[in-house]
Amino acid sequence: MLQYLSIIITAIFVNNIVFSQFLGICPFLGVSKKISSASGMGAAVAFVMVIATLVTWLLQRYLLIPFDMVYLQTIVFILVIAALVQVLEIVMKKVAPALYQALGVFLPLITTNCAVLGVAIMATQKDFSLAMSLVYAAATAAGFALALVLFAGIREQLELTDVPKPMQGAPVALICAGLLAMAFMGFSGISF
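Residues numbered from 1 in each chain as written. Predicted model: local features only at pLDDT ≥ 70, side-chain atom pairs only at ≥ 80, totals over all residues. Heavy atoms only, no water.

Participant: Let's hear about the packing of helix α7 (residues 114-125) against helix α8 (residues 130-160): which residues, and what values?
Facilitator: Where α7 meets α8, the closest approach of the two axes is 10 Å, and the angle between their N-to-C directions is 145°. Of the two possible hands of crossing, α7 and α8 adopt the one that is right-handed. Contacts between α7 and α8 involve V119, M122 and A123 on the former and, on the latter, S133, Y136, A137 and T140. Within the contact of α7 with α8, the residues separate by chemical class into 5 nonpolar, 2 polar and no charged. (Axes fitted to C-alpha atoms, helices over the stretch in contact; angles between N-to-C directions. Helix = DSSP H or I, 4+ residues; strand = E, 2+ residues; numbered from the N terminus. Left-handed = near helix turned anticlockwise from the far one by under 90°. Contact = heavy atoms within 4.5 Å. Nonpolar A, V, L, I, M, F, W, Y, C, P; charged D, E, K, R; others polar.)

Participant: Mind laying out the environment of I35, listing which residues take part and the relevant values?
Facilitator: By the element assignment, I35 lies in helix α3 (residues 35-64). Of the residues examined, I35 reaches a relative accessible area of 34% and is grouped as partly exposed. In this structure, the C-alpha to C-alpha distance between I35 and V149, residues 114 residues apart in sequence, is 5.6 Å. Not counting the four nearest positions on each side in its chain, I35 is found in contact with V149, A152, G153 and E156. (Buried < 20%, exposed > 50% of the residue type's maximum accessible area, 1.4 Å probe, protein only.)

Participant: Could you give me a rundown of the packing of α3 against α8, with the residues and numbers involved?
Facilitator: Between α3 and α8, whose axes approach to 8 Å, the crossing angle comes to 165°. Classified by the interaxial angle, the pair formed by α3 and α8 is roughly antiparallel. Considering only the axes of α3 and α8, their crossing is right-handed. Split by residue class, the contact of α3 with α8 holds 19 nonpolar, 6 polar and 1 charged. (Parallel < 35°, antiparallel > 145°, perpendicular 65-115°, else oblique.)

What follows is the structure, given as structure tokens:
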């Protein structure tokens, strides 16, 4: 149980996918102007990240390793994630149109989110069991969502403040992102 707690705390705070590993920066900067869109993207990424980790872990264990095709890992994982997002989009459109409307804008963005691919690859590199891989994916997704929502809150607050003209927009956003990354570095001393 302590091992799972360690995975959760490490994935969310210590090795945050955005602030420590610099994956998922594109949606971090692009979808974080409003808390509502950031939380929607975080939920969509969490859903896809866990399912993609499940499917890629199974493929790695029962197809790529036994047939000595590990060199195809990256391309197979990319194809699986893209296909998974497309199938998920089609199924959600038919089965849950309300959920599709809520996440529909974010689903195509997830196909190109390197954080999803990164988590799938890192889960196999760390040689986690299936349960540990799923916990790792869910915790990493929670860390990703936390980063997006925190940054969106800061950006919403920045809209209400008097920022000097040359610093408005991207410059002050990047400075705030750097400060957030430095703040998350404070968790690096936590160990189990």
